[in-house]
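The primary structure of each chain is shown beneath.
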Amino acid sequence: MTNLVEGLSLMVIGMGTVFSFLSVLVFFIMLSSKIINRFWPENLVANETSKNNRESNQDEIVAVISTAVHRYRNKKQ
Amino acid sequence: MTNLVEGLSLMVIGMGTVFSFLSVLVFFIMLSSKIINRFWPENLVANETSKNNRESNQDEIVAVISTAVHRYRNKKQ
Amino acid sequence: MTNLVEGLSLMVIGMGTVFSFLSVLVFFIMLSSKIINRFWPENLVANETSKNNRESNQDEIVAVISTAVHRYRNKKQ
Amino acid sequence: MMDGLLTLWRDTGIANFTWGQAIMLVICFGLLYLAIAKNFEPLLLVTIGFGGLLANIPNAGLSLDAVENAIRTANPEVLKLIANALATDWSSTEILAKAYHNSTESQQLAAIQIARDMGFENGMLYNFYTVAVASGAAPLIIFMGVGAMTDFGALIANPRTLFLGAAAQFGIFATLIGALALNWVPGFEFSLQDASAIAIIGGADGPTAIFLASRLSPELLGAIAVAAYSYMALVPIIQPPIMKLFTTEQERAIEMQQLRHVSRLEKIVFPLLVLILCAVFLPSAAPLIGMFCFGNLMRECGVVERLSHTTQNALINIVTIFLGLSVGSKLSADKFLALETLGILALGAVAFSIGTACGVLMAKLLGKISKHPINPLIGAAGVSAVPMAARVVNKVGLQANHHNFLLMHAMGPNVAGVIGSAVAAGVLLALVG
Amino acid sequence: MMDGLLTLWRDTGIANFTWGQAIMLVICFGLLYLAIAKNFEPLLLVTIGFGGLLANIPNAGLSLDAVENAIRTANPEVLKLIANALATDWSSTEILAKAYHNSTESQQLAAIQIARDMGFENGMLYNFYTVAVASGAAPLIIFMGVGAMTDFGALIANPRTLFLGAAAQFGIFATLIGALALNWVPGFEFSLQDASAIAIIGGADGPTAIFLASRLSPELLGAIAVAAYSYMALVPIIQPPIMKLFTTEQERAIEMQQLRHVSRLEKIVFPLLVLILCAVFLPSAAPLIGMFCFGNLMRECGVVERLSHTTQNALINIVTIFLGLSVGSKLSADKFLALETLGILALGAVAFSIGTACGVLMAKLLGKISKHPINPLIGAAGVSAVPMAARVVNKVGLQANHHNFLLMHAMGPNVAGVIGSAVAAGVLLALVG
Amino acid sequence: MMDGLLTLWRDTGIANFTWGQAIMLVICFGLLYLAIAKNFEPLLLVTIGFGGLLANIPNAGLSLDAVENAIRTANPEVLKLIANALATDWSSTEILAKAYHNSTESQQLAAIQIARDMGFENGMLYNFYTVAVASGAAPLIIFMGVGAMTDFGALIANPRTLFLGAAAQFGIFATLIGALALNWVPGFEFSLQDASAIAIIGGADGPTAIFLASRLSPELLGAIAVAAYSYMALVPIIQPPIMKLFTTEQERAIEMQQLRHVSRLEKIVFPLLVLILCAVFLPSAAPLIGMFCFGNLMRECGVVERLSHTTQNALINIVTIFLGLSVGSKLSADKFLALETLGILALGAVAFSIGTACGVLMAKLLGKISKHPINPLIGAAGVSAVPMAARVVNKVGLQANHHNFLLMHAMGPNVAGVIGSAVAAGVLLALVG
Ligand code: NA
Ligand code: NA
Ligand code: NA
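Residues numbered from 1 in each chain as written. Chains lettered and ligands numbered in written order. Predicted model: local features only at pLDDT ≥ 70, side-chain atom pairs only at ≥ 80, totals over all residues. Heavy atoms only, no water.

## Notes on the overall build of chain D
Then comes step 1: The number of helices and strands found in chain D is 23 helices and zero strands.
Then comes step 2: Since a compact globule built from 433 residues should have a radius of gyration of about 22 Å, the 24 Å found for chain D is in line with a globular shape.
Then comes step 3: Taking the principal axes of the C-alpha coordinates as reference, chain D spans close to 80 × 45 × 40 Å.
Then comes step 4: Looking at chain D as a whole, 64% of its 433 residues are labelled buried.
Then comes step 5: Put simply, of all contacts in chain D between residues at least 6 apart along the chain, 76% involve residues at least 24 apart.
Then comes step 6: Summed over its atoms, the accessible surface of chain D is roughly 15000 Å², and 61% of this surface lies on carbon and sulfur atoms.
Then comes step 7: For chain D, the separation between the mean place of its 22 positive charges and that of its 24 negative charges on side chains is 13 Å. (Helix = DSSP H or I, 4+ residues; strand = E, 2+ residues; numbered from the N terminus. Rg over C-alpha atoms; globule rule 2.2 N^0.38 Å. Buried < 20%, exposed > 50% of the residue type's maximum accessible area, 1.4 Å probe, protein only. Contact = heavy atoms within 4.5 Å. Areas by Shrake-Rupley, 256 points an atom, 1.4 Å probe, with all protein chains shown as cover. Lys, Arg positive; Asp, Glu negative; His and termini not counted. Charge placed at Lys NZ, Arg CZ, Asp CG, Glu CD.)

## Some thoughts on the side chain of Asn69 of chain D
All names here are of chain D.
Then comes step 1: Tracing the chain through its elements places Asn69 in helix H4 (residues 66–73).
Then comes step 2: Classification of Asn69 as buried rests on a relative accessible area of 6%.
Then comes step 3: Reaching out from Asn69, the side chain makes a polar contact with the backbone oxygen of Gly61 at a distance of 3.4 Å.
Then comes step 4: A polar side-chain atom of Asn69 sits 3.0 Å from the main-chain carbonyl oxygen of Glu121.
Then comes step 5: Filtering out sequence-adjacent residues up to four positions away, Asn69 remains in contact with Gly61, Leu64, Phe120, Glu121, Asn122 and Gly123. (Polar contact = N/O pair within 3.5 Å; in protein donor to acceptor, adjacent residues only side chain to side chain.)

## Regarding the coordination of the sodium ion (ligand 2)
Residues and elements named next belong to chain E.
Then comes step 1: Distances from the sodium ion (ligand 2) to its protein donors, Gly203 (O), Val383 (O), Ser384 (OG), Gly417 (O) and Ser421 (OG), fall at 2.2 to 3.0 Å.
Then comes step 2: Motif for the sodium ion (ligand 2), donor spacing along one chain: G-x179-V-S-x32-G-x3-S. Placement of the pair is Ser384 in the loop between helix H21 (339–369) and helix H22 (388–400) and Ser421 in helix H23 (residues 407–432), with a sequence separation of 37 residues. Ser421 carries the same exposure label as Ser384, and that label is buried. (Donors = N, O, S within 2.8 Å, 3.2 Å for Na, K, Ca; no water.)

## Describing the nonpolar core
Then comes step 1: Among the nonpolar cores identified, the biggest contains 506 residues, and Phe50 of chain D, Phe50 of chain E together with Phe50 of chain F are the most heavily contacted of them.
Then comes step 2: Among all residues touching Phe50 of chain F, those that are not within four sequence positions of it are Leu272, Leu275, Gly290, Cys293, Phe294 and Leu297 of chain D together with Leu32 of chain F. (Core = buried A, V, L, I, M, F, W, Y, C linked by side-chain atoms within 4.5 Å.)

## Quick word on the pattern of salt bridges
All names here are of chain D.
Then comes step 1: The tally for this structure, following the rule as stated, stands at 18 salt bridges over all chains.
Then comes step 2: With its nearest N and O atoms 3.3 Å apart, the salt bridge here joins Arg252 to Glu249. On the criterion of helical spacing, the pair formed by Arg252 and Glu249 is a turn pair, its members being three residues apart in helix H16 (residues 249–252). (Salt bridge = Lys/Arg side-chain N within 4 Å of Asp/Glu carboxyl O.)

## Some points on helix H6 (residues 93–102) of chain E
Residues lying three or four places apart along an α-helix face the same way, a consequence of the helix completing one turn every 3.6 residues.
Residues and elements named next belong to chain E.
Then comes step 1: Among the residues of H6, those classed as buried are Leu96, Ala99 and Tyr100. Viewed along the axis of H6, the buried residues span an arc of 105°, placing them on a single side of the element. Of the residues in H6, the exposed ones pointing more than 90 degrees away from the buried face are Glu94, Lys98 and Asn102.
Then comes step 2: On the buried face of H6, the contacting elements are helix H4 (66–73), helix H5 (76–85) and helix H7 (105–117). (Arc of directions from axis to C-beta.)

## Re the interface of chain E and chain F
Then comes step 1: Of the residues lining the interface, 44 residues belong to chain E; the matching set on chain F comes to 42 residues.
Then comes step 2: Of the roughly 3400 Å² buried between chain E and chain F, counting both surfaces, carbon and sulfur atoms make up 78%.
Then comes step 3: Ionic pairing is found between Glu121 of chain E and Arg215 of chain F, a salt bridge with its closest N-O pair at 2.3 Å.
Then comes step 4: The element best represented in the side of chain E that touches chain F is helix H19 (residues 305–328) of chain E, accounting for ten residues.
Then comes step 5: Its residues placed into classes, the side of chain E that touches chain F shows 27 nonpolar, 13 polar and four charged. (Buried area = accessible area lost by both parts, 1.4 Å probe. Nonpolar A, V, L, I, M, F, W, Y, C, P; charged D, E, K, R; others polar.)

## Digging into the arrangement of the chains
Then comes step 1: Separated without contact, chain C and chain D have their nearest C-alpha atoms at a distance of 28 Å.
Then comes step 2: Nothing in chain B touches chain F; the tightest C-alpha to C-alpha distance between them is still 28 Å.

## Let's talk about the coordination of the sodium ion (ligand 3)
Residues and elements named next belong to chain F.
Then comes step 1: Summarising the metal site, the sodium ion (ligand 3) is bound by the protein donors Gly203 (O), Val383 (O), Ser384 (OG), Gly417 (O) and Ser421 (OG), whose distances to it range over 2.2 to 3.0 Å.
Then comes step 2: Between consecutive donors of the sodium ion (ligand 3), the numbers of intervening residues give the motif G-x179-V-S-x32-G-x3-S.
Then comes step 3: A residue is classified by how much of its surface remains accessible, and Ser421, at 0% relative accessible area, is buried.

## Digging into the interface of chain B and chain D
Then comes step 1: Every contact between the two is made by four residues of chain B and, on the other side, four residues of chain D.
Then comes step 2: Taken together, both faces of the contact between chain B and chain D bury some 320 Å²; the carbon and sulfur share is 91%.
Then comes step 3: Of all residues in chain B, Ser9, Val12 and Ile13 of chain B bury the most surface against chain D, accounting for 89% of the area lost on that side.
Then comes step 4: Summed over the shared surface of chain B and chain D, the result is zero salt bridges.
Then comes step 5: If you look at where chain B meets chain D, you find zero residue pairs in polar contact (both at pLDDT 80 or more).
Then comes step 6: A breakdown of the residues in the side of chain B that touches chain D according to their chemical character gives two nonpolar, two polar and no charged.

## Examining the relation of the copies chain E and chain F
Then comes step 1: With an axial shift of 0.0 Å and an RMSD of 0.0 Å, the rotation relating chain E to chain F amounts to 120°. With respect to symmetry, the two chain copies, as superposed, fit the operation of a three-fold axis. Within chain E, the C-alpha atom positioned nearest to the axis of rotation is that of Ala314 of chain E, 3.7 Å from it.
Then comes step 2: With a heterologous cut-off of 20% or less, the 7% of interface residues of chain E that recur at the interface of chain F puts this contact in the heterologous class. (Least-squares fit on C-alpha atoms with pLDDT ≥ 70 in both.)

## Regarding the environment of Arg299 of chain D
All names here are of chain D.
Then comes step 1: Structurally, Arg299 is set in helix H18 (residues 286–301).
Then comes step 2: With relative accessibility at 28%, the residue Arg299 sits in the partly exposed group.
Then comes step 3: Along the chain, Arg299 and Leu288 lie eleven residues apart, while their C-alpha atoms are 17 Å from each other.
Then comes step 4: With sequence-adjacent residues up to four places away left out, Arg299 is seen in contact with Gly147, Ala148, Met149, Thr150, Asp151, Ser308 and Gln312.

## Section: unusual backbone geometry
For residues other than glycine, phi is negative in most cases, and the peptide bonds are mostly trans.
Then comes step 1: The step from Val386 of chain D to Pro387 of chain D runs through a cis peptide bond, and the omega angle for that step is -10°.
Then comes step 2: Inspection of the secondary structure assignment puts Pro387 of chain D in the loop between helix H21 (339–369) and helix H22 (388–400).

In structure tokens form, the structure reads like this:
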């Protein structure tokens, strides 16, 4: 019985802590996102360009190979 | 001398155990193989088809590339 | 003060040891290089041939692929 | 030579099998079957199952320490010396074993020295358990690996989903009450520690459950770990009916807005933020949350890719193998084949169900006060069970609306659940540990 | 400053070299030469050889524990305190070292505490040895890795090849007798434990030999491991003449039927089957066979590929490095440069030869009672030494018949030999350990 | 329930923060910033920095052992029992903690047993530190990995660059004098051990510095490791002005001859040669040089590629993670926020500068007596800091002459510096340890 009471108090404290902790975390995530996106915004264009460059090279290689396969198959028929 | 006798008895018991153990294992492997192949036979065709599919794709790629290499070399000459 | 004297003696012994050790090492490296290159010279040609073989295969593949890419691009234009 | 044969016979499994061990072997084969044939959390259930097999080989003593192995031989002289070291009398080997576990560290050391002097040694699985689990290292390293494999982008893009991860932890605390209430049933005697360790099953997070159980209730570790991983594997069966019970077809069809892009810097700051909050408000959660955040920082910071790669591969795999074998070593008949295990299994199911329901209800509440539409299904992912729960959400969502892809939205509450249960574990450690 | 120079000089290797250490260094360079230039089992012989070099650096004490390092300094005050803790008198450092090894665990602990209080520490190789070999962990983990790398398909397709693996173990037990008979030669005093540890060289299986030696006769571990790996590397030289001696050209030319396909389920069931038999009949073989089967199950079950991959790569490589260094740490002059080592080397050669002969003879017998033709050469693969022995069989077979590819057929007895020697090790552990 | 809330509050970080911890957290965030944003030796500074964060979480006790954690609670009964075991009185927890560290091994064991009996446990970082650093294992394994990653070709082609690596070690011994001289400043009290551990920062080699500090001055380990890695990261800023101060534009423009081809056999013989010299002349350097040569032999011998690959990847990465966290665990406020740390940082900068200058001057001297032209810049690479210092040499060389590629020539002195500082560490261990 005393244990059950202890358990109930654990539940209240526990859920309270979980909610408080995560609420504070929500607040700070929002705050940090705002600060970061205002003062150190990610240069999306630059990033994606360099990424695109790399990817487009790969795309081209894929394109070349698949074209080669295609032509080869057509020729086979 | 007593050690030698002990050694001989170790040899008899040891080889006996090794042979018994592996004989029983032979029996159970055969039994399990029979049971498995009767009740849960591996769908070889399905398996191999899917495998073949994968492999045939690879084969085709290999074929394409080697053809390409070939043509390229012939052209070079 | 005594510590400082000890430190000075450590410095002399230490630098002495470092220099002696590395000097002996210099000597033995030179000696071993001479011995090795006289008695067990590396068959550079053989080595490089086998390496070249492997590499030339790769070179050819690279060449084939880049040619394919080239032709593909020219065709595209 | 007859002596030799007799020794060998007395040593065989047939001559020493107990019913309990036979049943445990069957149970462990069952775990292996579920893992291999049904793909139930195979990484842990294959290793735990096999560890359980090894632990229940009669007369091998793989999961016993040197003293327990000495006691197992039941040689009166050996027993007398050990009883002497423990400063007790002895009438049966069981009583002596119990006395050994209840004696002080210095008495235990004396007993170990005597057992070693007589040539007894720790079993291999006992050594693995000591190094990997009793020290707390293995679950924490796995947690670091999980951190290195987790992308918090979805959570940072929509931080309010943290509330869903918080709500789902109600499963933990409700189960705690349930475990204590079970004490009214004759045969159950869960201490507050036991109840807390059982409750954490509701966190749906393997390493957290093993870590907490190893601190609070090592005796129940085997059953708790098996229950936790089994229910995590059963998420696709347990959750959908509950999700459907608490939502209407219409609610399940709600489409959500695409998540915004999250910058690299936001992702780097996130683990540091979580760590600071943990340091300020809940230091007892520091081992779990600290290692998790460390793994995640290695992932996101972009300058230690080789460490992050090894953490996600070789290191977590090696630790998983030894963690699984060690947990399996706790699947001994005398501890697992007890009424408690049935209670733990029942409570685990309750914990998952309550957690799911609370997550869904919280999502409904959140949907009412939010400007953007929120599909209540994503609340179910708050129990963690990453990434299975999020996938289940996606599947149930698609059933209601063929254009409704909830996977990314469910990843937010899903990873929030991991943090939530680590926080809950921290509270339990602080107040009960 | 003169003091410093003197200390440094007294510390140098030149001032402390003993003949024994110089010879051991030459031997270790020999092992490295064989490994690097002749490709003799390089994974183990490079690591063991280098460990041996490190262990024989005079005055470095890398393979000594704190107390041995304290005794090595020969400072009378230090020796007095240690002798006091061990409750003995002392006249020479050798006698004190011996007393230390023969004293009880609690006396040893007292001596260690005193040595630590005076600033002495365990050598690095001693630590590696304790963690990797004395605990039994490293050979078992390697065995798990070997299990994960072994395909039992050939054995399951033709289970009778297990008899070949059984017959080849006769080499073990014949060597056991040989070792005991050697006691008639003055200078040899092999106990039953020593003889058993030596005999296992005939099992042609590195981790099994190291594991058994570490349990039964740690003093001989270095020589036994070196002999085992050396002869495994010499299989292509030792076996062919024996194979040819017991077979006719005609027999060697026998072609065998292609092996049937083995299903995935059969391969999954196999390790579990072996484990059950081990549990029922020979629990003392459980550590070896258990870990081996665990590795094999991870390989075959198909649901834990990432664990299997790590076991076969990062994990087994890491453990190999530390196992090799640890074994090498046992190559100290006082233990290796003894008459016993010559005896062990001679016995090892005998063991391999007898094992090979028995395997071949058993294959001839089996061929007579079998419907399908059996090439007696494949019996030679029964000694294990995977996969070298099977390759040798293939080569000798091709010499007799250019269309005779025996490799796959030899893999059956080859892996059977691994199980056979693990079983033999279990028997020896049960009766002699 | 009020009790519970109170316990939780008393447990929080806010209620327990000390100024020291807060400042340490800021410093550790600074280290993380430098590592992530500025790419300063990120592998070590990310892990050390995060370890430091974890160690300074108030009330978490992650870097304390069981007894220290027991003392931290300040429960009078607990303190009384521990003081009893240590046979001391106690007035404050600080005094008791000090008494614990100064007591004998057997008293410490008694105190540990009591703390364990009362349920206290080692913090996670303390366990990591014990296994990884106190044993000496982690820095040695890292050194093995560095050996496996180092190509000595450039050094073998031009062995005289070893003299540059020797000269640069003058930075170590000059710093030693400096540290002892600092004792004249009130507040500094460096023992000879402390001074030696600090001096090794001038070796510009992380694992060597950590290994030596763990042997000679564990209290200063945190500050020394941070200083060593920070200055290694600052090499591109510290070295160029010194290099330019001691050379003329003309000297910096000197072009060097292409290095000759070095055969595989020469590369195999090299690590064995270094090991033999170490065994003969300086056994106290055997742990460092031995492991380094072992790694290099695995790399070059060509027959154990799988071991070499794992050593360079999974193994070194795993050990780096735990080494970093362990070193970070030593960044506690009471040890780091002391006047000593400022002294260490100042001495470290001096050490690097003197080492650089001596290397350059030696290169000028060598250039004068050599037939082939030698660019004095390559002497700066003799401090080690592989490969950063060599890159800096290359860059400064290119500034003076656009066709002057010195990278390969600087690699010789660069790796010579690694051997040089290992030798210096051996001397210090032999004379001061
Ligand atoms: Na959770
Ligand atoms: Na064998
Ligand atoms: Na250096």
